[in-house]
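# A structural walkthrough
The lines below spell out each chain.
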Amino acid sequence: MKPFRLLASVLSVFIMSCSGNGQHLKELGKTDLKEISALEYLPQSEALWSLEDSGNKNKLYKLDKDGKTLSELTITNLKNTDWEELTSDGQENLYIGDFGNNDNKRTDLAIYKIDNAQLNQKTAEATDKVSFSYPEQTEFPPKKSKMMFDCEAFFEFKGNFYLFTKNRSAKFDGSFYVYKVPNIPGNHKAQLLGVMTTCKNFNRCAITAADISPDVNKAILLTGDKIVVISDFESGNFANGKTEMFELGFVSQKEGLCFIDNDTLLIADEKDKHAGGKLYQLKLSDLKAK
């Protein structure tokens, strides 16, 4: 196994171009989930799903167009260790990303499948488990300067999961890693595809969510006050794609992101003492038109 410092030296770092400015988010409503951490839209059933992260219940929440909870689905055979993200496949099965790893100590990172047939029930069981590890991590936790192994962002694409890590290193420099994990039950070593970079402000630029468009022509990454649009990727090589970064107009703990069509995104942020806890709509065409 190559030492981390040597492996990093042969990877390309992609600095993203900044475009757009101002406020483009349309507020749809206030959610009734305090720590909303994910959004996923299933177009065939027209259902919007969410979850809350560590310390919360082992439940998925079906939301209405204003962000209010329509129903709850308890996952009876799982504990919410640190659920951070949701994605789906072409059959509208949901996948829970239980890979939150703030302290970079975890050795039980996993992705769980919830079959579509169970989503209209009050309880469900995870049917498949994809366990994985990061080969580049050799210490648990690593040095404070190497804490690159938290994750809050992923999506499924052509039979693989693509994970975008959250850099929690002591001197945040905006870099994060792109990994690939096969959507196959079992234990896997995640494949490091490359390094990408946003900016050097953690609250504004750490990666908190991801999704890919229904036509699979673009992927979106979310931060505290930005989205990153990735296009022109080949065979899932997202780290080498064309990137554009757009400002959203204000900083908040934005952690939920999903496409509802090829131009329209939904974004949600967590509640704090003064703000947040809202569901927003964003049109990509509005950003690019400015």
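Read on for an overview of the structure. (Residues numbered from 1 in each chain as written. Predicted model: local features only at pLDDT ≥ 70, side-chain atom pairs only at ≥ 80, totals over all residues. Heavy atoms only, no water.)

With the rule as written, the count across this model stands at one disulfide. The disulfide bridge from C199 ends at C205, spanning 1.9 Å between sulfur atoms. Judged by the sign of its S-S torsion, about 95 degrees, the cystine formed by C199 and C205 is right-handed. No disulfide involves C151; its sulfur sits 17 Å from that of C205, the nearest cysteine. (Disulfide = S-S within 2.5 Å.)

Here the focus is unusual backbone geometry. Residues F140 and P141 are joined by a peptide bond in cis, for which omega reads 5 degrees. In the Ramachandran plot, E92 falls in the positive-phi region, its phi being about 60 degrees despite a non-glycine side chain. Of note, E92 is situated in the loop between β8 (85-88) and β9 (94-98). On the accessibility criterion, E92 (5% relative accessible area) is buried. (Helix = DSSP H or I, 4+ residues; strand = E, 2+ residues; numbered from the N terminus. Buried < 20%, exposed > 50% of the residue type's maximum accessible area, 1.4 Å probe, protein only.)

A word on the sheet that holds strand β3 (residues 26-30). The strand order β3-β24-β23-β22 describes an open sheet built from four strands, whose pairing is antiparallel. The open sheet has two free edges, formed respectively by β3 and β22 (254-259), since each of these has just one partner strand. Put simply, the sheet's adjacent strands are angled 25 degrees from each other on average, direction ignored. Summarising the sheet, β3 and strand β24 (residues 278-283) pair through four bridges and their orientation is antiparallel. Considered in β24, the bridge of G29 is made with L279. (Pairing = 2+ DSSP bridges. Axes fitted to C-alpha atoms, helices over the stretch in contact; angles between N-to-C directions.)

What follows deals with the pairing of strand β18 (residues 209-212). Along β18, one buried face is formed by A209 and D211 and the opposite face, lined by A210 and I212, is buried too. Turn length for the β18-strand β19 (residues 218-222) hairpin, with the two strands adjacent in sequence and antiparallel, is five residues, and the turn residue V216 shows positive phi of about 50 degrees.

Along the polypeptide, L63 turns up in strand β6 (residues 59-63). Residue classification places L63 among the buried residues on the basis of a relative accessible area of 5%. The spacing of L63 and Y41 is 22 residues in sequence and 9.8 Å in space, taken between C-alpha atoms.

Taken together, the side chains of K30, K34, K68 and K271 present a region of like positive charge at the surface. Secondary-structure assignment places K271 in the loop between β23 (264-269) and β24. (Patch = residues over 30% accessible without salt bridge, like charges linked within 9 Å, V, L, I, M, F, W, Y side chains within 5 Å. Areas by Shrake-Rupley, 256 points an atom, 1.4 Å probe, with all protein chains shown as cover. Salt bridge = Lys/Arg side-chain N within 4 Å of Asp/Glu carboxyl O. Lys, Arg positive; Asp, Glu negative; His and termini not counted. Charge placed at Lys NZ, Arg CZ, Asp CG, Glu CD.)

Once that is clear, we can look at the pattern of salt bridges. Scanning the entire structure with this criterion turns up 13 salt bridges. Note that E247 and K226 form a salt bridge whose closest N and O atoms lie 3.6 Å from each other. Within this pair, whereas E247 is found in strand β21 (residues 242-247), its partner K226 is found in strand β20 (residues 226-231), the two being separated by 21 residues in sequence.

The next point concerns the sheet that holds strand β7 (residues 69-75). Spatial strand order, β4-β5-β6-β7-β11: five strands in an open sheet with mixed pairing. The open sheet terminates on both sides in strands that have one partner only, identified here as β4 (36-42) and β11 (123-124). As paired strands, strand β5 (residues 47-52) and β6 are joined by three bridges and run antiparallel to one another. Paired with S50 across the bridge in β6 is Y61.

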